[in-house]
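# Structural description and commentary
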Amino acid sequence: AAGTNKRILLFFFAPTSERSQALEKNLRSPEVAPILEKSYVLTRLNFLENTKVAYSLGVFKAGVINVYDNQGNALFQITDRLTATELAEKLKVE
């Protein structure tokens with residue numbers, strides 16, 4: 001991400017989680033996908049296989065997004081269930 005000047009979006013998912021599936025759908029939506037493509041490096045991490053990493057980053061359930069700047073500094077976390085439009089608003093980079 002440092003070389004691209006893009007933010008890092010770390011998506012903690014679980015294959016069986018309804019919350020993860022809804023978020024995955026929103027990430028591919030026409031409202032969100034162009035923002036991700038332009039401004040983010042998207043990384044998916046299986047919460048169930050990486051709980052120690054998740055816990056160390058303040059994530060305690062699947063369906064959570066952590067956002068970092070291009071140097072890896074934490075910017076914010078998204079834990080709420082958001083519509084695609086709400087997610088797009090949160091992810092917009094000025």
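The model shown is predicted, which means the values in this text are computed figures rather than measured ones. (Residues numbered from 1 in each chain as written. Predicted model: local features only at pLDDT ≥ 70, side-chain atom pairs only at ≥ 80, totals over all residues. Heavy atoms only, no water.)

## Details of helix α4 (residues 84-91)
Turning to α4, its buried residues number three or more, namely Ala84, Leu87, Ala88 and Leu91. The buried residues of α4 occupy an angular sector of 100° when projected down its axis, which confines them to one face. Structurally, α4 contributes buried residues whose contacts are with β1 (7-13), α1 (18-27), α2 (33-39), β2 (40-46), β3 (64-68) and β4 (74-78). (Buried < 20%, exposed > 50% of the residue type's maximum accessible area, 1.4 Å probe, protein only. Helix = DSSP H or I, 4+ residues; strand = E, 2+ residues; numbered from the N terminus. Arc of directions from axis to C-beta. Contact = heavy atoms within 4.5 Å.)

## A look at the pattern of salt bridges
If you walk through the whole model with that rule in mind, you get 3 salt bridges. Note that arginine 44 and glutamate 24 form a salt bridge whose closest N and O atoms lie 2.6 Å from each other. With arginine 44 in strand β2 and glutamate 24 in helix α1, this pair connects stretches of sequence that are 20 residues apart. Taking relative accessible area as the criterion, arginine 44 reaches 40% and is therefore assigned partly exposed. (Salt bridge = Lys/Arg side-chain N within 4 Å of Asp/Glu carboxyl O.)

## Points about the nonpolar core
Core analysis: the largest hydrophobic core is formed by 16 residues, its most contacted members being Val32, Ile65, Leu87 and Leu91. Those elements giving two or more residues to this core turn out to be β1, α1, α2, β3 and α4. In terms of residue count, α4 provides more of this core than any other element does, 4 residues in total. In this view, leucine 87 contacts Leu23, Asn26, Leu27, Val32, Ile65, Ile78 and Leu82; residues no more than four positions away in its chain are not counted. (Core = buried A, V, L, I, M, F, W, Y, C linked by side-chain atoms within 4.5 Å.)

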